[in-house]
Amino acid sequence: MTSVISVKVTTRDGEEKTVTQGAGHTTLMQMLYEEDIGVEAVCGGCASCATCHVLIDPNWMGKLPERDQAELMLLQYAEFYDPERSRLSCQLALTPDMEGMPMVIAPEE
Ligand code: FES
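Quick summary incoming for the structure in this document. The structure presented is a predicted model; accordingly, all values stated were derived computationally and were not measured.

Turning our eyes to something else, we now look at unusual backbone geometry. Where the residue is not glycine, phi is negative for most of them; where a peptide bond is considered, it is trans in most cases. The phi angle at Asp36 is positive, at roughly 60°, despite the residue not being glycine. Examined against the element boundaries, Asp36 turns out to sit in the loop between helix H1 (28-35) and strand E3 (53-56). Owing to a relative accessible area of 69%, Asp36 belongs among the exposed residues under this scheme. Unusually for a residue other than glycine, Ala47 sits at a positive phi of about 55°. As for its position among the elements, Ala47 is in the loop between H1 and E3. Residue Ala47 is classed as buried on the basis of its relative accessible area of 15%.

Here's what the structure looks like:
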């Protein structure tokens, strides 16, 4: 049986929530999108909108795969880009390493 991932999310209102992977979710964005907490994912995960921007706890960034060129380009133009914390949640495939990972939904641009 594959394990189900849960992450710790702080919403834009400062509310802390545990968000759990649902059926068919393969990326972090899909989990967050379904919670209706402001991750709009306008482009559907094509790395072209940045409305799935999250700020990951810096202590966890090293567990994640590197940003590819497309992700980095888009993030660098995002108003709330933080080199130590910013990721596009659509570019993060869910892995067991992410269990319990803390993150904040990036402010709306
Ligand atoms: S959903 Fe558009 S960049 Fe991630």
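With that out of the way, let us pick up the side chain of Gln21. Tracing the backbone through its elements, the reader meets Gln21 in the loop between strand E2 (16-20) and H1. Here the side chain of Gln21 touches His25 through a polar contact of 2.9 Å, landing on its backbone oxygen. Look past the residues within four positions of Gln21 in its chain and what remains in contact with it is Ser3, Val4, Ile5, Met31 and Leu94.

Each value, and the rule that gives it
- Residues numbered from 1 in each chain as written.
- Predicted model: local features only at pLDDT ≥ 70, side-chain atom pairs only at ≥ 80, totals over all residues.
- Heavy atoms only, no water.
- Helix = DSSP H or I, 4+ residues; strand = E, 2+ residues; numbered from the N terminus.
- Buried < 20%, exposed > 50% of the residue type's maximum accessible area, 1.4 Å probe, protein only.
- Polar contact = N/O pair within 3.5 Å; in protein donor to acceptor, adjacent residues only side chain to side chain.
- Contact = heavy atoms within 4.5 Å.

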